[in-house]
Amino acid sequence: MTRRILARFACAASFLAACSSPDTSPGPPPSAPSRVLTVEGRIVLAGDDGEIHMLSLQTGSSGAVTSIEGDQFDPDGHHRLVVFRDSRSGVNVDDEIYVVRSDGTHVRNLTDAPDSNEWGPAWSPDGTRIAFSSDREGMPQVYVMNVDGTGVERLSDVEGEYPAWSPDGTRIAFESYVGGTTPFGDPNYDVFIMDADGSNEQNLTNDPDSYDGYPSWSPDGEWIAFESTLATPEDFEPPAYDRERISDFDIWVMRADGTDPRNVTANLETLEKFPDWSSEGVVYTREGAIVVTNSDGSVELDVSEQSGLFGQFPAWVT
Ligand SMILES: [Ca+2]
Ligand SMILES: [Ca+2]
Ligand SMILES: [Ca+2]
């Protein structure tokens, strides 16, 4: 049963609306009264408390899936599995990819590679394979394995992290450190795309002045959402509450061929990161708060406001 949730209206993140109106440039969010919003589905995230949480948007209830830290999750709808990165020894200290049933039982180490880090797992749309990042050969690259951890194969030739499958399973987007730093001092990452067999790597963003990463596909495969510092102005001044900040991230979308990039959050005051786009809507973080937009992008829900959960790497469980 669907529960109707009272939500703040703020269409700053109108992903689908931005994409379907090519002649309309994104502007500042209009102010509007609160409205009742129906949002369904579940989200998993790496909570700031070091635990993996699964949150039901219908009920507003949440529970820890595991007691270990994770950072990227994707579901296998048939088996109700959640795959995540384990950083119990510390981030980038022998991280592994684990899989667990969504009820928190049957935790299993899929990679079991104690001399390297494994992170950023993503299920293939048909549920048969898992793409992930590993530094087992030196620099981070994108690999793929069967869901039982066998058949590991390297896909990328360039540096590669956080793979994301296209909905039809034929292509994989990922972020790649291409060298150097942006004018603000961020590492210069770009969003790349390749065929699912690792061939035809292409740099889609190809901008040395911005950090462009963490891609996620639209359900129709036409668009890719990503996080980027591209909108940071030359005279950027960090906000008073965060003097350490060197640039600003927003959520952008571009066509899957890299053209027509648009800033869909456009907020210099806040850090927007980690988009995950599914038929349920789009989830991302704003200053560590979990924000959900519904499927037509018209309404936004601050999940953290209701649940008290803050974290990183939110992902839909479908
Ligand atoms: Ca490892
Ligand atoms: Ca870049
Ligand atoms: Ca921002």
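Residues numbered from 1 in each chain as written. Chains lettered and ligands numbered in written order. Predicted model: local features only at pLDDT ≥ 70, side-chain atom pairs only at ≥ 80, totals over all residues.

> Give a detailed account of the nonpolar core, specifying residues and quantitative values.
Ranked by size, the top nonpolar core spans 63 residues in total, and within it Ile-43, Ile-172, Ala-173 and Ile-224 carry the most contacts. Aside from chain neighbours lying at most four places away, what touches Ile-224 is Ala-173, Val-191, Pro-215, Ser-216, Trp-217, Val-253, Met-254 and Ala-256. (Core = buried A, V, L, I, M, F, W, Y, C linked by C-beta atoms within 7 Å. Buried ≥ 20, exposed ≤ 12 C-beta atoms within 10 Å, placed from the backbone. Contact = placed C-beta atoms within 7 Å.)

> Tell me about the sheet that holds strand E12 (residues 141–146), and please be specific about residues and values.
Strand order across the open sheet formed by 4 strands is E10-E11-E12-E13, with antiparallel pairing between neighbours. One side of each edge strand has no neighbouring strand; the edge strands of this open sheet are strand E10 (118–123) and strand E13 (153–154). Across 6 bridges, the pairing between strand E11 (residues 129–134) and E12 is antiparallel. Of the residues in E12, the one forming a bridge with Arg-129 is Asn-146. (Pairing = 2+ DSSP bridges. Helix = DSSP H or I, 4+ residues; strand = E, 2+ residues; numbered from the N terminus.)

> Provide a residue-level description of unusual backbone geometry, including the pertinent values.
Although it is not a glycine, Tyr-214 sits at a positive phi angle of roughly 55°. Its location among the elements puts Tyr-214 in strand E18 (residues 212–217). Assessed through the 27 C-beta atoms surrounding it within 10 Å, Tyr-214 is described here as buried. Of note in this structure, Phe-274 is not a glycine but carries a positive phi near 60°. On the secondary structure map, Phe-274 appears in strand E22 (residues 272–278). Overall, the presence of 26 C-beta atoms within 10 Å leaves Phe-274 in the buried class.

> Could you give me a rundown of the sheet that holds E22, with the residues and numbers involved?
Taken together, 4 strands build an open sheet; the order of strands is E22-E23-E24-E25 and the sheet is antiparallel. Each end of this open sheet is capped by a strand with a single partner; those strands are E22 and strand E25 (300–302). For this sheet, the mean angle separating the axes of adjacent strands, direction not counted, is 20°. With 5 bridges joining them, strand E23 (residues 281–286) and strand E24 (residues 289–293) adopt antiparallel strand pairing. What sits directly across from Val-283, in E24, is Val-292. (Axes fitted to C-alpha atoms, helices over the stretch in contact; angles between N-to-C directions.)

> I'd like to hear about the environment of Asp-157, residue by residue, with values.
Mapped onto the elements, Asp-157 comes out in the loop between E13 and strand E14 (161–165). It is 7.2 Å that separates the C-alpha atoms of Asp-157 and Gln-141, two residues lying 16 residues apart in sequence.

> If you had to explain the pairing of E23 to someone new, which residues and values would you point to?
Buried residues dominate E23, accounting for 6 of its 6 residues. Burial along E23 is two-sided: the residues Gly-281, Val-283 and Thr-285 and Val-282, Tyr-284 and Arg-286 are all buried. As paired strands, E22 and E23 are joined by 5 bridges and run antiparallel to one another. By the bridge assignment, Trp-277 is partnered in E23 with Val-282. From the end of E22 to the start of E23, which pair antiparallel, there are 2 residues. Counting the residues between successive antiparallel strands, the hairpin from E23 to E24 contains 2 residues, one of them, Glu-287, with a positive phi of roughly 55°.

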